[in-house]
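Chain by chain, the residues run as shown.
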Amino acid sequence: MKGLIFDLDGVLVDTAKYHYLAWREIAQELGIPFNEEDNERLKGVSRMRSFEIILEIGGRQMEEAEKERYCAKKNERYLTYIKKMPKSEILPGVRPFLESARRAGYKIALGSASKNSRLILERLELTDCFDAVIDGTKVSKAKPDPEVFLKGAQELGLAPADCVVFEDSQAGLEAARAGGMRAVGIGSPERLPQAEVCLPGFEGVTAEEVETLLARA
Ligand code: BG6
Ligand code: MG
């Protein structure tokens, strides 16, 4: 294991709840029932694909231009939450994990579908922790396609098999496996059956310990 590739939303920072709140407002406006269980399907997937899933749930269809308008509206709402987000919303143990992994010689990349990744890393003062940032502005295929992680490995100058992906979404874990990488789920094994190893989070864990767990998996 030479490279660590991290998803952003729900792995490094608790933004998954803000995505949910913003989408729920849009769904309510359209009269589409949408709960936390439905929201699991949206995790890790692009903004447009997320909206299309909501439309599917409601059995609705919409012109491309109107879909774009709703996506822009969702992002405006999401950004109002993000702008108020305190730095303390970095998930527990994340910064020490990143810093100790760096010191131990691992290369570190971000692999996120979010077009807001740079903004969020800046706000949390995490930008300097990364050797490469691949986000929604750099990929054309949404997770579960492995493009985002393959580009991450490439920018780190590493083979996919030497990289481990940390993900809280089913789509993201499928993407990691499809790309030939090791897959660590952040969350429960019941919710993330695609993961080789699951961690509740990064508190009290080191990259070396993750490597040991993967070797046994
Ligand atoms: C992923 C989130 O990280 O980014 C999804 O899990 C989100 O919920 C996607 O839809 C796109 O994010 P953004 O910030 O570009 O709308
Ligand atoms: Mg995520």
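An account of the accompanying structure is given in this report. Here the structure is a predicted model, which means the values were calculated and not measured.

So, the site of ligand 1
Working step 1: Near ligand 1 lie 15 residues; those nearest to it are Asp9, Arg47, Ser114, Lys115 and Asn116.
Working step 2: Between Ser114 and ligand 1, the recorded distance is 2.6 Å, taken from a side-chain N or O atom to an oxygen atom.
Working step 3: When isolated, ligand 1 has an accessible area of 390 Å², and the protein chains bury 97% of it.
Working step 4: The residue makeup of the shell around ligand 1, split by class, is three nonpolar, seven polar and five charged.
Working step 5: In terms of domain composition, the shell around ligand 1 takes at least three residues from each of domain 1 (3–14 + 87–216) and domain 2 (16–82).

Some remarks on the coordination of the magnesium ion (ligand 2)
Between any two of four tetrahedral donors, the ideal angle at the metal is 109.5 degrees; between two of six octahedral donors, it is 90 or 180 degrees.
Working step 1: For the magnesium ion (ligand 2), the protein coordination sphere consists of Asp7 (OD), Asp9 (O) and Asp168 (OD), at 2.0 to 2.1 Å.
Working step 2: Summarised as a motif, the one-chain spacing of the donors to the magnesium ion (ligand 2) is D-x1-D-x158-D. The same class applies to Asp7 as to Asp9, namely buried.

A short note on helix α8 (residues 170–178)
Working step 1: Of all the residues in α8, the buried ones are Ala171, Gly172, Leu173, Ala175 and Ala176.
Working step 2: Where α8 is buried, its residues contact α7 (147–156), β4 (163–167) and β5 (182–186).
Working step 3: In the stretch just after α8, Gly180 is the one whose phi turns positive, near 80°.

Describing unusual backbone geometry
Working step 1: A cis geometry characterises the amide bond from Lys143 onward to Pro144, with omega recorded as 15°.
Working step 2: Position of Pro144 relative to the elements: it lies in the loop between β3 (132–134) and α7.
Working step 3: The backbone of Glu125 shows a phi angle near 55°, a positive value even though the residue is not glycine.
Working step 4: Tracing the sequence through the fold places Glu125 in the loop between α6 (117–123) and β3.
Working step 5: The exposure class of Glu125 is exposed, given its relative accessible area of 51%.

Re helix α5 (residues 94–103)
Working step 1: Of all the residues in α5, the buried ones are Val94, Phe97, Leu98, Ser100 and Ala101.
Working step 2: Each element contacted by the buried residues of α5 is listed here: β1 (3–6), β2 (107–111), β4 and α9 (207–216).
Working step 3: Looking one or two places after α5, you find Gly105, whose phi comes out positive at around 100°.

Brief notes about the sheet that holds β2
Working step 1: Strand order in the open sheet formed by six strands is β3-β2-β1-β4-β5-β6, and the pairing between neighbours is parallel. Either end of the sheet is taken by a strand with one partner, and the two such strands are β3 and β6 (197–199). Strand-to-strand twist in this sheet, taken as the mean axis angle between neighbours without regard to direction, amounts to 25°.
Working step 2: The sheet contact formed by β1 and β2 spans four bridges and is parallel. Across the sheet, residue Gly3 finds its bridge partner in β2, namely Lys107.
Working step 3: Lying on the sheet, α5 is in contact with β1, β2 and β4; it crosses β1 at an angle near 160°.

About the cut-offs
Residues numbered from 1 in each chain as written. Chains lettered and ligands numbered in written order. Predicted model: local features only at pLDDT ≥ 70, side-chain atom pairs only at ≥ 80, totals over all residues. Heavy atoms only, no water. Near = heavy atom within 4 Å. Polar contact = N/O pair within 3.5 Å; in protein donor to acceptor, adjacent residues only side chain to side chain. Areas by Shrake-Rupley, 256 points an atom, 1.4 Å probe, with all protein chains shown as cover. Nonpolar A, V, L, I, M, F, W, Y, C, P; charged D, E, K, R; others polar. Domains from an automatic or database assignment. Donors = N, O, S within 2.8 Å, 3.2 Å for Na, K, Ca; no water. Buried < 20%, exposed > 50% of the residue type's maximum accessible area, 1.4 Å probe, protein only. Helix = DSSP H or I, 4+ residues; strand = E, 2+ residues; numbered from the N terminus. Contact = heavy atoms within 4.5 Å. Pairing = 2+ DSSP bridges. Axes fitted to C-alpha atoms, helices over the stretch in contact; angles between N-to-C directions.

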